[in-house]
Each structure stands twice: as structure tokens, then as C-alpha cells.
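Observations on the three-dimensional arrangement
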Amino acid sequence: KDAPPEGVYIHGLFLEGCRWVVTRERDREGGGHLEESHPKVLFHPLPVMHVSAVSKERRDRDNYRTQGSNEYKCPVYKYPRRTDKYIIFTVGLKCPTTGNKGPEHWRLRGVALLCSKD
């Protein structure tokens, strides 16, 4: 694929605490959502993701607009050791629209994206 006009495509991230399920419909959110991990599977690879920076004003406006939405603000860490020293940024991941698994469920499960499993 060609480079996007703004931002970058990244790959090689791993979900810890859940898995990403790609759906057939290709909607604005990317056609996938979070689901529970399979038993004994600690890490699940995430597909290619488009990431771009936003200004603080736009971030605050979007956070206000998305409160109560079905999007989990997932932290991205450089290493599995989760400290403020290794956090890079947060990304909004779509939660399933059915069931009782909104953003709070994934926050309590400790779901995070990792750049490295080591």
C-alpha cells in the first residue's frame, strides 16, 4: 500500500489480555473488535494499524465526544514491564457491540498493546 497522507502504518504490535477479531464489514473503525483470548494464549498479534498524531486541543475535543462510546483507550508499551517509563501512546480500539464487554471490561482485564514480548 502507498504511504498515507498523514501518519504512518505500523505493524508488529501484540495485544496482551485479549485478541483482535477481524470482521467482514469494513467500516470506519477498521472492521474488527476486541474479544476474549483463547485459553493459554498470552499474546495475540494485531494487524497493521494507521497511527497519526493529534494536537492536544483536538484530543481533548475527541475525548469529550467519545465519552460513553464503545472504544477502549488502550495503552501502548515498549516492553511488557508496564511503567510510565515505557508507555508510548494510547490508541482507541473498538469493543464488541454485543454483550456486556465495554471499555470498562477491558480496562479491568489490563489489556495493553506491546511492541515487544521480551
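Thresholds, definitions, all that
- Residues numbered from 1 in each chain as written.
- Predicted model: local features only at pLDDT ≥ 70, side-chain atom pairs only at ≥ 80, totals over all residues.
- Heavy atoms only, no water.
- Pairing = 2+ DSSP bridges.
- Helix = DSSP H or I, 4+ residues; strand = E, 2+ residues; numbered from the N terminus.
- Axes fitted to C-alpha atoms, helices over the stretch in contact; angles between N-to-C directions.

Some details on the sheet that holds strand β5 (residues 43–45)
- Ordered by their spatial adjacency, five strands build an open sheet running β5-β2-β9-β7-β8, and the pairing between neighbours is mixed. Since the sheet does not close on itself, it has two edges, and those belong to β5 and β8 (87–94), each with one partner. Taken over all neighbouring pairs, the strand axes of this sheet differ in orientation by 35° on average, direction set aside.
- Bridge count between strand β2 (residues 14–16) and β5: three bridges; the pairing is antiparallel. Bridge pairing in β5 links L15 to H44.

Brief notes about unusual backbone geometry
- One non-glycine residue, K40, lies in the positive phi region at around 65°.
- Residue position: K40 is located in the loop between β4 (32–35) and β5.

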